[in-house]
Amino acid sequence: MIHRYRWLTSTVALLLVLGGLFLAACVLPGGGAGTSLTPVAHSTQRGQVLVQLFPSPGYLPPPEAVNGVPLWTLFGDGTMIFQKGDSPTALWQAQLSPSEMDHVLDTVVNRYQFFASSRDFYGMPLLERGTTLLTVVTTNQHKTVALSEVEGAHPDQQTTHVFAIQDFLRHQASAAATPYQAEGVALVVVQAQQPTTGIWLYGELSLAQIASAECPLVNPGSDCVGFSDQQTAIKAVYGARAHDLLGQLGAQTLTSQNGWSYQVILWPLLPDAIHPTPGDAAHLTIAQGGILEQWPLFS
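As the structure is a prediction and not an experimental result, all values here were calculated from the model. (Residues numbered from 1 in each chain as written. Predicted model: local features only at pLDDT ≥ 70, side-chain atom pairs only at ≥ 80, totals over all residues. Heavy atoms only, no water.)

**Some remarks on helix α2 (residues 98–111)**
Taking 1.5 Å of rise per residue, 14 residues should cover 20 Å, and α2 covers 18 Å from first to last C-alpha, within 8% of that figure. Among the residues of α2, Met-101, His-103, Val-104, Leu-105, Asp-106, Thr-107, Val-108 and Val-109 are the ones counted as buried. The secondary structure elements touched by the buried residues of α2 are β1 (49–56), β3 (72–75), β7 (131–137) and α3 (157–170). Looking at the residues trailing α2, positive phi occurs at Gln-113, about 50 degrees. (Helix = DSSP H or I, 4+ residues; strand = E, 2+ residues; numbered from the N terminus. Expected span 1.5 Å × (residues − 1). Buried < 20%, exposed > 50% of the residue type's maximum accessible area, 1.4 Å probe, protein only. Contact = heavy atoms within 4.5 Å.)

Now the structure itself:
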């Protein structure tokens, strides 16, 4: 009886050890399952976008027709920045380990075969509702596709794959995430027709001059009064003033200065704007009309 008991306990212990080894082999960092990863070569630079979801507005009047804040981004140094809730200023960040980055890129590039996609647009055409731009950048490849809000009733494999990537990325949050503290903010200013009781409290920032410099970008084709072609760019504010603006104004505000009304939209600057890759000038990536553009910044 004693020998039988010892045999049973030894067998149970062996099964527990084998079961633990099996689970350890199947669970990847970041929550993925599988026993193998195919590494995807990528940049490790701080400001280099690797994977990004970027909402592009539908047919709206300026400046709402333009968006300057991505929904989800993974950068080369492992920084992950994503939105929580509906406000573009409610950004969170986490630091992924190299193995977690490998898991994300393997899932996007290898499992769901992103670079095998052959079309620029996927899903049901609902352009008045806007699109989501999915960008993936590796050492050897760089591609962006647009996704509708609706996948459609009978999606093909490519459509299923790109929407699976979008769903996968949106669920890549982190319990260790902390609020993103932007080092700078972009001010988008347009002259408004409606009166307001709000008063612009930052006298060193001339809203008339900012609106003039930004007009050809934000509202092309309009009569940009006072525009100087030597300063066509988006106004960037850095440091303590940027934190103050975001804290006091939020995503946007209607205000007045020197008797004129202005709509002011604030976009937190991400690492690609704060720390552009070598050789690149300071710029802001924006989504407009279902495409991504690079707009210059001035401070």
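Once the structure has been displayed, the description carries forward.
**Overview of empty space enclosed by the protein**
Taken as a whole and judged by the stated rule, the model has one cavity of 30 Å³ or more. Looking at the largest cavity, its volume works out to about 70 Å³. What lines the largest cavity is simply Gln-52, Phe-54, Gly-68, Pro-70, Pro-268, Leu-269, Leu-270, Asp-272, Ala-273, Leu-284 and Thr-285. Within the residue set of the lining of the largest cavity, elements represented by two or more residues are β1, α6 (271–274) and β14 (283–288). (1 Å grid on protein atoms, 1.4 Å probe; cavity = no way out; pocket = protein on both sides within 12 Å on 5 of 7 lines; lining within 4 Å. Points joined across faces, edges and corners; volume = space filled by probe spheres on them.)

**As for unusual backbone geometry**
Of note, the amide linkage connecting Pro-62 to Pro-63 takes the cis form, showing an omega dihedral of 0 degrees. Topologically, Pro-63 is positioned in the loop between β1 and β2 (66–67). Positive phi outside glycine occurs at Gln-113, with the angle close to 50 degrees. Within the fold, Gln-113 resides in the loop between α2 and β6 (121–122).

**A closer look at the packing of aromatic side chains**
Scanning the model with the defined rule gives two aromatic pairs in all. Between Phe-114 and Phe-115, the ring centres sit 5.2 Å apart and the planes meet at 70 degrees, which makes this aromatic pair edge-to-face. Of the two residues, Phe-114 and Phe-115, both sit in the buried class. Lying over the aromatic face of Trp-92, Lys-84 brings its terminal NZ or CZ to 3.8 Å of the ring centre. (Phe/Tyr/Trp six-rings, centres within 6.5 Å; stacked < 30°, edge-to-face > 60°. Lys NZ or Arg CZ within 6 Å of the ring centre and 35° of its normal.)

**Focus: helix α5 (residues 239–249)**
Where α5 is concerned, the buried positions are Ala-242, Leu-245 and Leu-246. Buried residues of α5, viewed axially, fall in a sector of 95 degrees; they line one side. Exposed residues pointing more than 90 degrees away from the buried face of α5 are listed as Ala-240, Gly-247 and Gln-248. Buried residues in α5 make contact with β10 (184–191), β11 (234–238) and β13 (260–268). Where α5 terminates, the next one or two residues include Gly-250, which has phi positive at roughly 75 degrees. (Arc of directions from axis to C-beta.)

**Side note on the pairing of strand β12 (residues 252–257)**
The pairing of β12 with β13 spans six bridges and is classified as antiparallel. In the sheet register, Gln-252 faces β13, and the bridge partner there is Ile-265. Linking two consecutive strands that pair antiparallel, namely β12 and β13, is a turn of two residues; a positive phi of about 55 degrees is found at Asn-258 within it. (Pairing = 2+ DSSP bridges.)

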